[in-house]
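# Residue-level structure breakdown
Here is how the chains run, residue by residue.
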Amino acid sequence: MKKLLVALLLVFSIFTFAEVMNPNTIVDVTIGEPDTLDPHQAYDTASGEVIFNVYDNLIEYVGSSLSKFAPRIAESWEIDGNTVRFKIRKGVKFHSGNELTPYDVEYTFERALIGNPGGGPIWMLYEVFFGDYFSLKSAVAGLTGHSWSDLVDADKNPVSDEAKQILLDFYKNYIDSKVEVDGDYVVFHLAAPKVYFLNIIAQGSSWGAILDSKAAMDLGLWDGKEDGWWKFHDWKKEDSPLYAKEIGSGPYELVEWNRAEQKVILKAFPEYWRGPAKVENVVIWGVDEWSTRKALLEKGEADIVAVPAQYLSQIKGNPDIEIIEGLPSVSVTTLNFNWQVKPDSPYIGSGKLDGEGIPTTFFADKNVRLGFIYSFDYQKMIDDVLDGYGELVPTAMPKGFLGYSDELPKPKFDLAEATKYFKRAYRGQLWRKGFKMTILYNTGNAARQKSAELLADSLKKINPKFQAEVRGVQWPTFLDARKNGKMPLYILGWLADYPDPNNFIYTFYHSDGDYGYYFGDKYAEFANAPQAFFGGKSLNEMISEASALTDPAEREKIYIQVQEFVIREGLGVPLYQPVGVRVHRKWLKGWYPNSIRPGDDYYRYWKSEE
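These numbers were taken from a predicted model, which means no experiment stands behind them. (Residues numbered from 1 in each chain as written. Predicted model: local features only at pLDDT ≥ 70, side-chain atom pairs only at ≥ 80, totals over all residues. Heavy atoms only, no water.)

## Some points on the packing of helix H2 (residues 102-115) against helix H3 (residues 123-130)
Condition: Each axis is a line fitted through C-alpha atoms, taken for helices only over the stretch in contact, and angles between the N-to-C directions span 0 to 180 degrees. Secondary structure elements are defined from DSSP: runs of H or I of at least 4 residues count as helices, runs of E of at least 2 residues count as strands, and each element is numbered from the N terminus. An angle below 35 degrees is treated as roughly parallel, one above 145 as roughly antiparallel, one from 65 to 115 as roughly perpendicular, and anything else as oblique. Residue contacts are defined here by distance: any two heavy atoms, one from each residue, within 4.5 Å place the two residues in contact. Gly is put with the polar residues, along with every residue not named as nonpolar or charged; the nonpolar set is Ala, Val, Leu, Ile, Met, Phe, Trp, Tyr, Cys and Pro, and the charged set is Asp, Glu, Lys and Arg.
Interaxial distance between H2 and H3 falls to 9 Å at its minimum, and their mutual angle equals 105°. On the basis of their axis angle, the class for H2 and H3 is roughly perpendicular. The segment H2 lies against H3, with Phe109, Ala112 and Leu113 engaging Leu125, Tyr126, Phe129 and Phe130. Across the contact of H2 with H3, the residue classes tally to 7 nonpolar, no polar and no charged.

## Quick notes on the sheet that holds strand E7 (residues 179-182)
Strand-to-strand pairing in sheets goes through backbone hydrogen bonds, with the strands running parallel or antiparallel. This is how it is decided: A pair of strands is treated as paired once DSSP finds two or more bridges between them.
Spatially, the 4 strands line up as an open sheet ordered E5-E6-E8-E7, and their pairing is antiparallel. Whereas interior strands pair on both sides, the edge strands pair on one side only; in this sheet they are strand E5 (74-80) and E7. On average, adjacent strands in this sheet sit at an angle of 20° to one another, irrespective of strand direction. Taken together, the 6 bridges between E5 and strand E6 (residues 83-88) define a ladder with antiparallel strand orientation. Its bridge partner lying in E6, Glu78 is registered against Arg85.

## Focus: the packing of aromatic side chains
The condition that has to hold: For Phe, Tyr and Trp, rings pair up if their centres lie within 6.5 Å, where Trp contributes its six-membered ring, and each pair is then called stacked (planes under 30 degrees apart), edge-to-face (over 60) or tilted (otherwise). Throughout, exposure labels follow a simple rule: accessible area from a 1.4 Å probe, protein chains only, divided by the maximum for the residue type, with under 20% read as buried, over 50% as exposed, and the rest as partly exposed. A positively charged side chain is recorded as over a ring if its NZ (Lys) or CZ (Arg) lies within 6 Å of the ring centre. The angle to the ring normal must also be within 35 degrees.
This model, assessed by the stated rule, comprises 54 aromatic pairs. Between the aromatic rings of Phe170 and Tyr174, the centroid separation amounts to 5.5 Å while the plane-to-plane angle is 45°, which identifies the pairing as tilted. Taken together, the positions of Phe170 and Tyr174, both in helix H6 (residues 161-175) and 4 residues apart, correspond to about one turn of that helix. With a relative accessible area of 1%, Phe170 lands in the buried category. Judged by centre distance (5.2 Å) and plane angle (80°), the rings of Tyr517 and Tyr518 are edge-to-face. For Tyr517, a relative accessible area of 42% puts it in the partly exposed group. Through pairs of rings, three or more aromatic residues link up here, namely Phe337, Phe362, Phe363, Phe372, Phe422, Tyr426, Trp431, Phe435 and Phe466. The positively charged end of Lys278 is found above the aromatic ring belonging to Tyr603, 6.0 Å away from the centroid.

## Notes on the layout of surface pockets
Here is the rule we go by: Only protein atoms enter the 1 Å grid, on which a cavity is a set of points fitting a 1.4 Å probe that cannot get out and a pocket is an open set with protein on both sides within 12 Å along at least 5 of 7 lines, lining residues being those with an atom within 4 Å of a point. Grid points are joined across faces, edges and corners, and a volume is the space filled by probe spheres set on the points.
Estimates place the volume of the second largest pocket at around 700 Å³. As for the second largest pocket, its lining consists of 29 residues, of which Lys342, Lys483, Asn484, Tyr517 and Tyr518 are closest to the centre. The set of elements that each furnish at least two residues to the lining of the second largest pocket consists of helix H15 (475-483) and helix H17 (521-528). Tallied by class, the residues present in the lining of the second largest pocket amount to 9 nonpolar, 8 polar and 12 charged.

Here it is, written out as structure tokens:
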């Protein structure tokens, strides 16, 4: 996730022990704040944690398992090939007082398919419903023979009566038919059987959260009709009425999202169908300074506190704090290159190779990418910054997934190799002229800050003319800069949306993936170009082929081949796979691990000295 996009420095949670303070309130002090509360726009863990607690999905994971599911809004389900039938629970109320019906489920998934914001999480629903298409625009182009821009103008109006009819037919034939109400059931028609379909829609997946359709329409969202559906496609996140609101049925209601204080306040929903939460109030508070978070923890004013790995030793030995180490993680933190930065980016200096900036296509040069990859001191990062709470892996594929192999070469810190590639870049001009650029990190994320500083220091040692300024910005600003193609490179964590290698290989290396999409058109050209390495197939074709296979051995073979290509071409690099640690005050009870959950499940918690 979601992954995430994830604030995946190593984050820990802390708790103090003595007489329980504020027994009816949980204070979770973290880093940053949500990006948006619209479930179809949100694709980061800070947003996902709030959505997890205010909405219900059809099903949920059983405890820590990533392969066993329990009913939630769906009482039961049946899978028959491409068809999945969910029996919808009766008597569930939304926070508005409206009763949840099977139509709300149909509305939710159709609204997701229609809205499909660029770079958002809905590509997963397209994958399962459309097979070969991963977005609305690609589905329209492939299934109607007309590009989106041929049918809809800049104001989102059909360009002609003929275009309007094509759009109406597309909705009727390809959107409305994917999810249908059948009495007390909702029936999903998939493009093909998908072993990870239930993972994609389980609790914790914001994009599977069930919306109150009546409340949505009252807010001005899609009205559920075929005529005019195109006007609701690809809204900016701030334009969505759900940007700072919720219309869910989950155990908690949103009271307030205070942007100035980076504070989200939740209150238990008294009519929740599973019964009210044991703790009535939850405060999720973004406090970027570690010293302040630590003080809140030690005073007992915070129950849960985000703790970067390098500070973990400061709270060890406190009898009021519980630290749980060695938790499995399905995440990875990576260094990523934008092959085509927007010309108006404030982070590329002059925008030229003149010693005062970098060209917009700087990282489309393989020598530049490899030079940067050899410039990072991976072991120093793991030993000194993460205090050992990280592992080195060959690519963005985490250890434990099909296709992971320790036989693949892992990234190496080698200044001589870095120098060799930098001298080759731009026929020697880069070495002679140098460059200036800015590397952003989200404020409060000490691991990302240190990663960027380590890289900047190495670059300067290689050539004093290589200057990278490291600058902190707020989390939403960081995400916007990435989404708008302004950052030349960035360090980011990714938490799996679902436990399958496709969620890493497709996400990072396919040009329509959540990372590949943001690498720009230059990268898309590269990923779609035939490669001799693959016998004439493109990187995108190889990734799609692996996803469609059902034979694990065949899939593994392709995933390893793809990773060999990724390493050879320097298509980004993993900095580390985090080793999970959980820290909280001992009076907090009910926590359980689940490596794919985007934060805390407050409904399960209570506070007690026993």
